[in-house]
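Given next are the chains, with one letter for each unit.
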Amino acid sequence: MAPRKKSGFGPVKPIKPAALRASCNPRSLGFKSTNELEPIDTLIGQERAFNAIRFGTEINQPGYNLFALGPQGTGRHTAVLSYLSKKAKDEVAPDDWVYVFNFKSAHHPQAIQLPPGVAAKFRNSMAELVDDLRVAIPALFQSDEYREKRRVIDAELEEKQERTLEELRQKAEAQEVGIMRTPMGFALAPMHKGQVIKPKVFNALPKAKRRVIEEKIGELQKDLASALEQIPQLEKQHRDKIRNLNAELTGVVVDTSIKTVAGRFARIEVIQKRLVEVREDLIEHAELFLEQTEAETASAFPHNPEVQTADPRFNRYLVNVMVNNDNDGDRKGAPLVSEDHPTLANLVGRIEHISQFGALITDFTMIRPGALHQANGGYLIVDARKILSEMFSWEALKRALRSKSVTIISAAEQLGVTSTISLEPEPIPLKVKVVLIGERLLYYLLCSLDTDFSDLFKVEVDFDEELERSEENVALYARLIAAIAKREKLRPLNASGVARVIDEAARFSQDAERLSLRVGQLADLLREADFWAAETGHRRIAAGDIERAVNEQINRADRIRERSHELIDRNIVLIDTAGETIGQVNGLSVISLGNYSFGRPSRITARVRMGSGKVIDIERETKLGGPLHSKGVLILSSFLAATYAPDIPMSLWASIVFEQSYGGVDGDSASSAELYALMSALAEIPIRQSLAVTGSVNQNGQVQAIGGVNEKIEGFYDICQARGLTGDQGVLIPAANMKHLMIRPEIVKAAAKGRFNIYPVETINQGIELLTGFPAGMRRGDGLFTPNSINARIETRLRQFAEARMKFATKADANGQPGDNP
């Protein structure tokens, strides 16, 4: 083996400590406390989202509803609610809506549109009208005037009935036939000298005389039947006269009450029309006010007409308010509704029922409004995931937006499992702006899978989760921190506390040049820091309080990390941090559990032999590898085939595996580490186990950026620190990830002392030199790699495999045997 280079490990130098963490200098902020700052009243860095909200709410065209998308915690709901609250307050209040009884079709309640603020007044006036009539009408029918008129009508009926019967009686007596009342009705019998002839005597009469009498009775029987037929007609006329009398007298009382109500709403035509209908029905059904309820009848005490209770008989005259925009009261402007539980009933309303004698009954007064009714003429905010998870709610919302009306329908009706007779309220016209709030993935899935979605939600409100870390934005961020502290009634922060929060915000974003806009996460950090400041008696939140809040958050969540690292410390999971091994490298991965992520090293090994040009990914073969990981292995296979000995067939059989990995593996961030292990195995040059590697690779051998770089570095550092830092330990990262570095301050200090190093790598050649201490080697003009370089050794090994394979194939052909290699 050629001697190693003695001048370090290649041209790549460790990253300077100052570049490992972009720390904010408290002195650069220009204040001592957030009390000196003017709190900002809106989110920062969300100009795109606010412009979209303004456009979506201003454009008055169908289908321009909004979908606010972005990660949770970016302030989507707060921002939308804040913007719409101000906008809705300045808009004109929409009309009220009520349901009333439909006198023509009881099962189809009628919807009436009223000016804002009128619905409640109309409801109260109608309830007052009913209460007044329940007192006035019974009193009217108990008056002497009514009783006298009623007596005259009753006497007239009696007189007509008696006159009709008296005329017939006189005619019958003249023919010696009597009319008698019996339990079975009227009967005719022959008479002689005023006395009824007994049947025995009648039968003894001559036959001719009996025939004459029977003929007379037969004629009189016809006259009696004719007279009796007039009695129902007379009774009907009697009832009509009583009804007319009732209507005449009731009309006076009703007109007085109706006139009072009509006067209150003189300029509202729809109410005037409704009052005409109510008047007609009141007069037609005046007897409702004369009937006592069962409770009144059964009571041992006299009923006090001044005390009125709810009586369903009079519900037909009441008003059910669905929407009341009280323009003269506390509610002003357009409605703004945020529906947190968008079930079908909460969205489009419901019809309630009550149990009576074992049956479910309902009427229009039991219709309850939904969020669409309450938001009509204004704005409705709904969580997209919640409405999609509720049965029938999503389709009901789309149906309402398409038809521009709200139709009340229950889930039971949708499923067709109810046989109860219910109401079919008239749909209420709908004009509303709906704002759905959800994740980006949900938005894109709806765009691709729901054909109606793009037509109904045309405005995409995309919230950024990051902000460029410029001087101007840092100043704005400080004001945002001050605003959160003031809003949450927390202690003010001093300059060091704000600087530490800004550093942590960069850590949240996984980018030293960006600041996280996840306001919820930021507010949680400030609340917890305030708690620890209070516990230590600090009047202001300082950097130490922020640091403790961060550490306590980690401490509460890192049990699994501790156990994972403990397995490595106890050599149960094998990870070397010293020495050299051929075909073995320390890869790095990130494990995410809930809101906490940590890095963990994994041993990656590779084995090679002569074969048919196949690289075996053991993770994929055992179905533990995900598609991205498999893609990375295929890319490194392509790199090997295109880089080394391109003029001969690839005659390599290789296997790659994550040792002691018992779960799924995905992502391509370990593809460079896997390639280093393969190159080491082919070149038969050992890799330094004091170094760990992360980064993906492309077919040209360039090392590409990956995610979770800070956690990966920290994960390997923790293992090395537990075993003792030697100065040889470190991590290779893609050079493109340098701008993402926001590692823990203790690692920065270790790097400053030269006890732990982080190397930025741009190419595989740079990385293999660092890992082995051997030059990678470049292809010269003669087409060969630099002698004794790693690449030269790899190409030589591959040519040896190819030659051996050709000899084996020739020998197999001569013996007439198959020549395929593994």
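The coordinates are above.
As the structure is a prediction and not an experimental result, all values here were calculated from the model.

The rules we used
Residues numbered from 1 in each chain as written. Predicted model: local features only at pLDDT ≥ 70, side-chain atom pairs only at ≥ 80, totals over all residues. Heavy atoms only, no water. Phe/Tyr/Trp six-rings, centres within 6.5 Å; stacked < 30°, edge-to-face > 60°. Buried < 20%, exposed > 50% of the residue type's maximum accessible area, 1.4 Å probe, protein only. Helix = DSSP H or I, 4+ residues; strand = E, 2+ residues; numbered from the N terminus. Pairing = 2+ DSSP bridges. Axes fitted to C-alpha atoms, helices over the stretch in contact; angles between N-to-C directions. 1 Å grid on protein atoms, 1.4 Å probe; cavity = no way out; pocket = protein on both sides within 12 Å on 5 of 7 lines; lining within 4 Å. Points joined across faces, edges and corners; volume = space filled by probe spheres on them. Nonpolar A, V, L, I, M, F, W, Y, C, P; charged D, E, K, R; others polar. Salt bridge = Lys/Arg side-chain N within 4 Å of Asp/Glu carboxyl O. Contact = heavy atoms within 4.5 Å.

Another point: the packing of aromatic side chains. Inspection of the entire model under this criterion finds 17 aromatic pairs. On the basis of an interplanar angle of 75 degrees and a centroid distance of 5.4 Å, the ring pair of Tyr443 and Tyr444 is categorised as edge-to-face. Residue class for Tyr443 comes out buried when judged on its relative accessible area of 8%. In this structure Tyr444 comes out as partly exposed when scored by relative accessible area, which is 43%. A centroid spacing of 5.6 Å and a plane angle of 75 degrees characterise the contact between Tyr443 and Phe453, whose relative ring orientation is edge-to-face. Of this pair, Tyr443 sits in helix α14 (residues 440-449) while Phe453 sits in helix α15 (residues 453-456), and the two are 10 residues apart along the sequence. In terms of burial, Tyr443 and Phe453 fall into one category: buried.

Attention now moves to the sheet that holds strand β8 (residues 336-339). In a beta sheet, neighbouring strands pair by backbone hydrogen bonds and run either parallel or antiparallel. Spatial ordering of the open sheet is given by β8-β13-β16-β1-β17, a layout of 5 strands whose pairing is parallel. Of all strands in the sheet, those bounded by a partner on one side alone are β8 and β17 (459-462). Averaged over all adjacent pairs, the angle separating strand axes in this sheet is 20 degrees, with direction ignored. Sheet topology places strand β1 (residues 66-69) next to β17; 4 bridges connect them, and they run parallel. Residue pairing in the sheet places Leu66 in a bridge with Val459 of β17.

Roughly 1,400 Å³ of internal volume is contained in the largest pocket. Surrounding the largest pocket, 42 residues form its lining, Phe508, Gln521, Asn595, Tyr596 and Ser597 being those nearest its centre. Taken together, the elements giving at least two residues each to the lining of the largest pocket come down to α17 (495-509), α18 (519-536), α19 (543-557), α20 (559-569), β22 (596-610), α24 (709-723) and α25 (745-752). In the lining of the largest pocket, the residues fall into 8 nonpolar, 16 polar and 18 charged.

Along the chain, Asn320 turns up in strand β7 (residues 319-323). Taking the relative accessible area as the measure of exposure, Asn320 reaches 9% and is therefore buried.

Turning our attention to the pattern of salt bridges. This structure, assessed with the given rule, holds 40 salt bridges. Between Lys398 and Asp450 there is a salt bridge, and its shortest N-O distance comes to 2.9 Å. Placement of Lys398 in helix α12 (residues 393-403) and of Asp450 in the loop between α14 and α15 is noted, with a sequence separation of 52 residues between them. Note that Glu552 is salt-bridged to Arg548, the shortest N-O span being 3.7 Å.

It is worth spelling out empty space enclosed by the protein at this point. Within the structure shown, the criterion is met by 1 cavity of 30 Å³ or more. In this model, the largest cavity occupies a volume close to 60 Å³. At the level of secondary structure, the elements contributing two or more residues to the lining of the largest cavity comprise α4 (144-174) and α6 (207-264). Considering only residue class, the lining of the largest cavity consists of 3 nonpolar, 2 polar and 3 charged.

Turning to unusual backbone geometry, a few remarks are in order. A negative phi angle characterises most non-glycine residues, just as the trans form characterises most peptide bonds. In the Ramachandran plot, Lys404 falls in the positive-phi region, its phi being about 55 degrees despite a non-glycine side chain. By the element assignment, Lys404 lies in the loop between α12 and β14 (405-406). The exposure class assigned to Lys404 is partly exposed, which follows from its relative accessible area of 48%. Within the chain, Asn571 stands out as a residue other than glycine whose phi angle is a positive 60 degrees. Within the secondary structure, Asn571 is located in the loop between α20 and β20 (580-581).

Glancing now at the sheet that holds strand β3 (residues 110-114). Read from one edge to the other, the open sheet built from 3 strands follows the order β3-β2-β7, with strand pairing classed as antiparallel. Because the sheet does not close on itself, it has two edges, and the strands there are β3 and β7. Here the average twist between neighbouring strands, direction ignored, is 30 degrees. Sheet topology places strand β2 (residues 96-100) next to β7; 4 bridges connect them, and they run antiparallel. In the sheet register, Trp97 faces β7, and the bridge partner there is Val323. The strands touched by helix α3 (residues 119-141) within the sheet are β2, β3 and β7, with β7 carrying the most contacts at an inclination of about 170 degrees. Docked against the sheet, helix α7 (residues 269-284) engages β2 and β3, running at close to 145 degrees with respect to β3.

With that settled, consider the environment of Ile635. Looking at the element boundaries, Ile635 is found in helix α22 (residues 627-643). On the basis of relative accessibility, which here comes to 18%, the residue Ile635 falls in the buried class. For the pair formed by Ile635 and Val697, sequence separation is 62 residues and the distance between their alpha carbons is 7.5 Å. Not counting residues up to four positions away in its chain, the partners in contact with Ile635 are Val697, Asn698 and Gln699.

Looking now at helix α26 (residues 764-772). Since the α-helix turns once every 3.6 residues, residues separated by three or four places project in the same direction. Burial analysis of α26 places 8 of its 9 residues in the buried class, which makes it a mostly covered element. Those residues of α26 lying buried are Ile764, Gln766, Gly767, Ile768, Glu769, Leu770, Leu771 and Thr772. Trailing α26 by a residue or two, Gly773 shows a phi angle of about 80 degrees, which is positive.

This part is about the environment of Ile44. On the secondary structure map, Ile44 appears in the segment before α1 (47-58). On the accessibility criterion, Ile44 (5% relative accessible area) is buried. As a C-alpha pair, Ile44 and Tyr477 span 433 residues in sequence and 7.5 Å in three-dimensional space. When residues no more than four places from it in sequence are discounted, the contact partners of Ile44 are Leu467, Leu476, Tyr477, Leu480 and Leu517.

Just distances and angles here, no functional claims.
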